[in-house]
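Tertiary structure, described
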Amino acid sequence: MNSFNQAYSWWAFSNRGVDPAELLAGASKIGYAGVDLIEESLWPLAQSYGLTISAIGGHGTIQSGLNDPSNTRRVESEVLSNLAKAEKWKIPNLICFSGNRGSLSDDEALEVSATALTRVAAKAEAVGVTLVVELLNSKVDHPLYQCDHTAWGVKLCQMVNSPAVQLLFDIYHMQIMEGDIIRTIQRDHQWFGYYHTAGNPGRHLPDANQELNYPAIYRAIRAANFKGWLSHEFLPRGNPLEELQTAFNDCAASAGED
């Protein structure tokens, strides 16, 4: 049985003493299939090493996103522009953001966000790209961020009702906000189109030195028959390629791969 594809988030591993070409070549040699959130100027280089650009930002910004009605037309324009790039470069996912809480209630913000996504969902479906709305914590890293609980994100996906609109389930962020990671995956996996990993606390390598049991989490994701992308988004404390190797091996072994 095929499992999910492993990728890594460029921003977390670049500028840490390893040349970009060396980092891309090394990740490809390890076995990574993709890299996300890498600057556009490096897309050709990444693809030359056989790496898929697994996800890019769909629109700006984290703080000012889908939930503000004054942003709706801007977000639509930016998503459509990035969908054109995604189609050209065969990028399977665009990451979208709810934005920070404002004067609207949670329910009102859901309506506005659903309207914004509905305006672009058909185009995303047509070009085979998934718009993944990222779940982020508002306790430590992103104060006031609206899509900070799985339930709100699931309601948003249900309201849009498009196979091209799903959630980016960031395990690190959701551990901070709500815990109960495995049960959430078992219950809501149909809405999860992308995963990010990192240890907690500290956002470092997912290993035995932090509170999340990643081997069990990887097995739960595989048991849910997930075939998409799981991207490591932790902050290495040592050599980036060595820690990428460890993360890749741990994930593959836990998922029952050779």
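Heads up: these notes are all about the structure in this document. (Residues numbered from 1 in each chain as written. Predicted model: local features only at pLDDT ≥ 70, side-chain atom pairs only at ≥ 80, totals over all residues. Heavy atoms only, no water.)

**What to know about the nonpolar core**
Core analysis: the largest hydrophobic core is formed by 86 residues, its most contacted members being Tyr-8 and Leu-131. Discounting chain neighbours no more than four positions away, the residues touching Leu-131 are Val-79, Leu-83, Leu-94, Cys-96, Leu-117, Val-120, Ala-124, Ala-164, Val-165 and Gln-166. (Core = buried A, V, L, I, M, F, W, Y, C linked by side-chain atoms within 4.5 Å. Buried < 20%, exposed > 50% of the residue type's maximum accessible area, 1.4 Å probe, protein only. Contact = heavy atoms within 4.5 Å.)

**Focus on the environment of Ala-224**
For Ala-224, the location among the structural elements is in the loop between helix 9 (214-223) and strand 8 (229-232). Looking at Ala-224, the relative accessible area reads 19%, which means it is buried. Along the chain, Ala-224 and Asp-188 lie 36 residues apart, while their C-alpha atoms are 9.7 Å from each other. (Helix = DSSP H or I, 4+ residues; strand = E, 2+ residues; numbered from the N terminus.)

**As for the packing of helix 9 against helix 10 (residues 240-254)**
At a minimum axis distance of 8 Å, the contact between helix 9 and helix 10 shows a crossing angle of 55°. Relative to helix 10, the element helix 9 lies oblique. Note that helix 9 runs across helix 10; the crossing there is right-handed. Side by side, helix 9 and helix 10 meet where Pro-215, Tyr-218 and Arg-219 of the first sit next to Asp-250, Cys-251 and Ser-254 of the second. (Axes fitted to C-alpha atoms, helices over the stretch in contact; angles between N-to-C directions. Parallel < 35°, antiparallel > 145°, perpendicular 65-115°, else oblique. Left-handed = near helix turned anticlockwise from the far one by under 90°.)

**As for the pattern of salt bridges**
The full count for this structure, using the stated rule, is eight salt bridges. Here Arg-74 ties to Glu-78 by a salt bridge, and the two come within 3.1 Å at their closest N and O atoms. Of this pair, Arg-74 and Glu-78 are both found in helix 4 (residues 72-89), four residues apart, which corresponds to roughly one turn of the helix. Assessed through its relative accessible area of 28%, Arg-74 is described here as partly exposed. The partly exposed category is assigned to Glu-78, whose relative accessible area is 26%. Salt-bridge contacts for Arg-119 lead to Glu-76; the nearest nitrogen and oxygen are separated by 2.8 Å. (Salt bridge = Lys/Arg side-chain N within 4 Å of Asp/Glu carboxyl O.)

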